[in-house]
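# Examination of the molecular architecture
What follows is each chain in one-letter form.
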Amino acid sequence: MKIGYARISTHDQNLDLQEDALKAAGCGKIFMDRQSGATLDRPGLKDALDYVRAGDTLVVWRFDRLARSLKDLVQLIASLEERGVAFTSLTESIDTASPGGKLVFHIFGALAEFERNLIRERTKAGLNAARARGREGGRPPSLKPNDQELLKKLARDSMLTPKEIQKMFGISKATLYRYAKLNRTQNEKEE
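Here's what I pulled together on the structure shown here. (Residues numbered from 1 in each chain as written. Predicted model: local features only at pLDDT ≥ 70, side-chain atom pairs only at ≥ 80, totals over all residues. Heavy atoms only, no water.)

## Brief notes about the pattern of salt bridges
Taken as a whole, this structure holds eight salt bridges when the rule is applied. Between arginine 42 and aspartate 33 there is a salt bridge whose closest N-O contact spans 3.8 Å. Across this residue pair, the class does not change: arginine 42 and aspartate 33 are buried. We note a salt bridge from glutamate 149 to lysine 152, for which the minimum N-O separation is 3.8 Å. Here lysine 152 and glutamate 149 lie together in helix H6 (residues 145-157), a separation of three residues that amounts to about one turn. Take lysine 152: its relative accessible area is 30%, and that puts it in the partly exposed class. Members of the salt-bridge network, linked through shared partners, are Arg62, Asp64 and Arg65. (Salt bridge = Lys/Arg side-chain N within 4 Å of Asp/Glu carboxyl O. Buried < 20%, exposed > 50% of the residue type's maximum accessible area, 1.4 Å probe, protein only. Helix = DSSP H or I, 4+ residues; strand = E, 2+ residues; numbered from the N terminus.)

Rendered as structure tokens:
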């Protein structure tokens, strides 16, 4: 059985074009979403994926109606393939039920993996170059070294409660405990 999936991003857009194309392709059931494709957490998509069974074909009008990124698209198609479900994109004329369609899709998968590796290498090279120039990544410390030492001393020796110390330094409870390395349960009893 052919199962259709259609998606538009906004309520101003119209699903008619996709719905007509899916019906013309022989889809017996069509699931729809009216939301961004940035996330795979869409009710219509979830329902379509729950509905399809081995031997079925999930049909979309265009690749980008199913997923925005190549990585997400490849993962979705791979999970369908594992379940024995074929995939067809009408506009791109890709059908994973055919050997040629599978080949094209595996090429897409290889390209997606290649792209991820390039991004990883560029990120690593950029971080190494920044470290070589003396830059450290991450967020700057909440407190200067002198304030850190004062906070530790107050937390250890003071009659102030942790809440009073927090107010004094203008920091959160988590920051206080991270710098003071206090035992939370013991000091929270004092508050």
